[in-house]
Amino acid sequence: MSSNTRSNAAHYVAPIEETPLVAVDSVKASGRVSNLWTDAWADLRKRPMFWISSVLIVLITFVALFPGLFTSEPPSSGCYLENSNGGPEAGHPLGFTKQGCDVFSRIVHGAATSLSVGIIVTILILVLGITFGALAGFYGGWVDSVLSRVGDIFFSIPYILAAVVVMSVLSQYRNVFVIALAIGLFAWPSTSRVLRAEILRVKNSDYVMSATAIGVSRFKILLRHVLPNSIAPVIVVTTIGLAGAIVAEATLSFLGVGLPNTIMSWGNDISAAQRDLRNNPMTLIYPSIALSLTVLSFIMLGEVLRDALDPKARATR
Amino acid sequence: MTGYILRRVLQAIPVFFGTTFLIYFMVFALPGDPILALFGDKTPNPAVLEQLRAQYNLDKPFIVQYLLYIGGIFRGDFGVSFSGQPVSEILARTFPVTLRLALIALVIEMVVGIAVGLVSGLRKGKLFDSSALVVSLIFISLPIFVIAFVFQYVFAIQLGWARPTVGSGAPWSDLILPGIVLATISFAQIQRLTRSSVIESSGLDFVRTAASKGLSRRRIVPVHILRNSLIPVVTFLAVDFGTLMVGATVTEGIFNVPGVGNTLYQAIIRGEGPTVVSFVTVMVLIYLVVNLVVDLFYAVLDPRIRYVK
Amino acid sequence: MQIKKFGLAATALAAAGVLVLAGCSSSPESDTSSASATAIISTNGSEPQNPLIPTNTNEVGGGKILDSIFAGLVYYAADGSVHNDMAESIDTEDSQHYTVKLKADQTFSNGDPVDAESFVKAWNYGAALDNAQLSSYFFESIEGFSWDENVEEMSGLKVVDDLTFTIDLVSPQSDFALSLGYSAFYPLPASAWDDIDAFGQAPIGNGPYKLASDDAWQHNEKISLVVNDTYQGDRQPKNGGLDIIFYATQDASYADLQGDNVDVVDQIPGSALASYQDEFDGRSVNQAVAVFQSFTIPARLEHFGGEEGELRRAAISHAINREEITDVIFSGTRTPAHDFTSPVIDGYSEDVEGSDVLDFDEAKAQELWAEADAISPWTGEFKIAYNADGGHAEWVDAVTNSIKNVLGIEASGDPYPTFAEARTKITDRTIQTAFRTGWQGDYPSLYNFLGPIYGTGAGSNDGDYSNPEFDALLAEGRSLSDLDAANEKFQEAQTILFTDLPAIPLWYSTVNGAWGTKVSNVEFGWNSVPLYYEIEKSE
């Protein structure tokens, strides 16, 4: 493709001092012992958004790890139809579901499952998505062809089919890991494509060319310069994808291929509550709020992390 | 350039075989006998079962079934569904409907998502930015069936602005409401992606350069910031187009859209191998084309990206 | 939302039967003055899962269409009574040899005559093994039928003249004539045999309606029917036609009803069961039909064999609060079961001896469970398997919660993603849990709810129940020609079931429907389908 579409006069070949690479280097020159991570930490400490989101995440993690501290109801306490759709009362601050289960204690006990599903899926997507996307985008050529087409095949498989097959074949092991596998194994291609596109753009930057010129190894360039500069959209997609994973668990429960309902999860709760949406919408709203708060804290954390890790964004503040 | 496109088209061949084989295998691996299910709760006589299995080639080994299917495709025969319709007819009937629905959703999420994302990015941390985040959060933390149900109830049944379900022939006008519902899923991602890219681009030297050169904001924003921010967004839109083409099962169900999502879901649940595989095959071909177009489009957005050595 | 319920639809097979209607809450409106004879009634349906060939249709989606475009020897009125349609008379002296005389000058909508040949050929086609028709088992009792080889022409069917044919059964079957209104027994026109596959896509019938055109079946969208002028029977339409719109979900059809985009709906989504009768006050129905719901605990499961199993089944039955579950989960649209049959069947009784095992009784349940524990202590978890695509999750959760709370054991539902998987595991006996079971009556007899399900070696005896005493009582009852005397034997047989509990009875189903303001005279039939030909619509 010819480059005659250049109306963007700003893309002149900049002297090296003007490139972001120098911005990174200039931090080094400031005298204190620093690297990407210590810089990021110094930056993070000063941001209230970081603290708010961290406190929220720690709190949610705490709830997930020690549900007993937050509700006196043990997970095994039964659901009684005589309480069906009952409003809040002493000891049951959020009322009851249609089956007569205590809404609040279910949310507390479901935190561990939902958080785990979200995090495991996210890690799975990140690992697969970054590996495939980075290698395909950076090396191009046949590497790109093979990896991208493998991604296309995985992406084209309807996730309902995938989930039904995975969960049926592994029906003896319907646990958090299996459901995370069923969701994550077929969701990574979108992340890898977004990363690949960003790398295609970034790898032609002047600082990458400069690094190549001074003899830095290709792989090192990818890790040190290209990835950090192209990770921003991945963070955005992933933090939102975390919510998607938790909600996907709800959809799978709804289709009967989710976790057995002996395992409490927000997804199971939301899926059960939707059947009674017309009569008692609150049983659906409460777990959704828990889900929103969790996602919000991860989005906020992702946001500040991105800012802190992105040398360009820091340099311009 | 032509060479690049040709290579990509050739790559579609292994993808075609890979996908069809994988999907056929997955349908084959689905536990349960689809023929038995045709009889409901009543247990049929084994003799009839045998007859029907033979009729749909289900009595043959997996690899034979697959080869028979592939052989059929090259003769233009995509197989027959349990209801006796040629799968090719089902494809021809449902894909245009879903395509219309996907386009509506895509345009809505693109226009609204990019616009809101752009303003959020330019006014980072301001009230608009925070409000946009809250709205996005609501959409992503509610399952699609809830959003669809609420939209249908409020806009169609209470306010009467639209039909509650899609009418005969699935005209464009009936697809707008389900299209909006579908757009809410990805609105959040597009809005956040645009915002993040805009923030990043705003800090780049060429933008600062342009600003220092005295270029007006009206020119800097669309030409310099937006264009440089679009690559991840366009990529995501392409990915999302694929998702929309195949994954709108729930929304199509609630609005009774006679499209791909529902038909495919039913076929999966019923274990109709030829139908499932044919749908996914068409799907993957569309997806390959879209990805190729997007890859070519990158070069338009950023001239530094080149595919020709 | 609820994904289309194949499992449920399959349960609600439009099977043959004549039911005594339990009562009808519909209140036809008097304003019919403006009713138009040309108005098209729109209603809900679902995409037929098979070609529209009568002997190959066994689910409601296709059955609803066939019942409108075909006419059999007899038809069923709303109260379940049987009336001649194409038949002039059906005579028998011994319940084994029948002579059918057809009314003269009846034709299909294309002019082909409705003659003896049109019935006999259609039935032979449906019965032949090579044609593998889904409803072939309906011809099982006709002489000459075989599961082992392909029989082109059954010896039990003989054409006497244009309007007369005879049917010979392998054994006396007093209720055979009642089943002849079922769609498997519809005739086919001579033109069908030119290309039966094409016929299945654009069928030509002899009923009150016909397809509006050759391509009236718009797949996945709707099918348009108009009045068939050649039909001379009693079911004369009071409207101009029928648009059956295919809905993927019950929620979608309900939304259209709320938006006044569809006239009559015969299913209500679970989320609206509590409110629909208020929302469509005077324009709704909640009426008993011949459907019995239960779950089965096979004796081969650990802890459920012998005396221990008997105690545990009774304990579980006592531990289920049917009254509360039907009230809360189903908003009163199910009736707690008092036996193994259905209240719409002649001879039904609430007070069969031993039926108190179905009463909710916590103390009794715990006592029986403890007795069983004394034989062998309980281990493991109690699970009820069900297909997730059939909308069963809620009641299974409620039932298992009830068991868990009363007996203090772990109990939960075990969903299978597809109906096929659940059915396969039940059929090949590999399932290791209790499972959902249900039965829709084929015939209006107590026997039909007992013999095919609990008889030793019977086709739908998924729990492999066997009790010679029970078998003997059933056989005795079937041989009696006096219906009341026979019913006495069947009820006696039921007392054995209450001890053995081969299935745990739960409740009886009802049909739930509602209609819009433009239509009137809406009545629901025994098979839960509205009598469309009677509906009037103003424009």
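As the structure is a prediction and not an experimental result, all values here were calculated from the model.

Some words on the overall build of chain C
- A tally of helices and strands in chain C yields 14 helices and 20 strands.
- Against the compact-globule benchmark of 24 Å for 539 residues, chain C has a radius of gyration of 24 Å, which places it among compact chains.
- Each principal axis of the C-alpha distribution contributes one length, and for chain C these read about 75 × 55 × 40 Å.
- Looking at chain C as a whole, 59% of its 539 residues are labelled buried.
- Taking contacts inside chain C between residues at least 6 apart in sequence as the whole, the part at least 24 apart equals 71%.

Examining the UniProt feature "transmembrane region" (unreviewed entry) in chain A
- Following the UniProt record, the feature "transmembrane region" (unreviewed entry) maps to residues 50-70, 115-138, 150-170, 176-195, 226-248 and 284-305 of chain A here.
- Between the end C-alpha atoms of residues 115-138 of chain A there is a gap of 33 Å, over a span that is 100% helix and 0% strand.

Description of the domain arrangement of chain C
- What the domain assignment lists for chain C is domain 1 (4-283 + 516-537) and domain 2 (288-510).
- Its C-alpha centre places domain 1 of chain C at a distance of 31 Å from the equivalent point of domain 2 of chain C.

Observations regarding the interface of chain B and chain C
- Opposite the 46 residues of chain B that make contact, chain C presents 50 residues.
- Among the secondary structure elements, those contributing two or more residues to the side of chain B that touches chain C are helix H2 (34-37), helix H3 (46-55), helix H7 (144-158), helix H11 (249-254) and helix H12 (260-270) of chain B.
- Classifying every residue of the side of chain B that touches chain C by side-chain character gives 22 nonpolar, 18 polar and six charged.

Concerning the sheet that holds strand E7 (residues 164-168) of chain C
Residues and elements named next belong to chain C.
- Taken together, the four strands give an open sheet; going across it, the order is E4-E5-E7-E6, and neighbouring strands pair in antiparallel fashion. Bordering the open sheet on either side are strand E4 (87-92) and strand E6 (157-161), each of which pairs with just one other strand. Looking at each pair of strands side by side, their axes are set apart by 20 degrees on average, direction ignored.
- Summarising the sheet, E6 and E7 pair through four bridges and their orientation is antiparallel.

Focus: H12(B)
Residue and element names in this part refer to chain B.
- Among the 11 residues in H12, 11 count as buried, and that is most of the element.
- Of the positions making up H12, those classed as buried are Val 260, Gly 261, Asn 262, Thr 263, Leu 264, Tyr 265, Gln 266, Ala 267, Ile 268, Ile 269 and Arg 270.
- Downstream of H12 by a residue or two, Gly 271 has a phi angle that is positive, lying close to 70 degrees.

Let's talk about the pairing of strand E5 (residues 97-102) of chain C
Residues and elements named next belong to chain C.
- On E5, burial follows the alternation: Tyr 98, Val 100 and Leu 102 on one face are buried, whereas His 97, Thr 99 and Lys 101 on the facing-out side are not.
- A loop of four residues connects E4 with E5, the two strands running antiparallel in sequence, and Ser 95 in this loop sits at a positive phi of about 60 degrees.
- Here five bridges tie E5 to E7, and the two strands are oriented antiparallel to one another. Across the sheet, Lys 101 pairs through a bridge with Thr 164, a residue of E7.

Reading guide: rules and limits
Residues numbered from 1 in each chain as written. Chains lettered and ligands numbered in written order. Predicted model: local features only at pLDDT ≥ 70, side-chain atom pairs only at ≥ 80, totals over all residues. Helix = DSSP H or I, 4+ residues; strand = E, 2+ residues; numbered from the N terminus. Rg over C-alpha atoms; globule rule 2.2 N^0.38 Å. Buried ≥ 20, exposed ≤ 12 C-beta atoms within 10 Å, placed from the backbone. Contact = placed C-beta atoms within 7 Å. UniProt positions renumbered as here; feature names shortened; annotations may be inferred. Domains from an automatic or database assignment. Nonpolar A, V, L, I, M, F, W, Y, C, P; charged D, E, K, R; others polar. Pairing = 2+ DSSP bridges. Axes fitted to C-alpha atoms, helices over the stretch in contact; angles between N-to-C directions.

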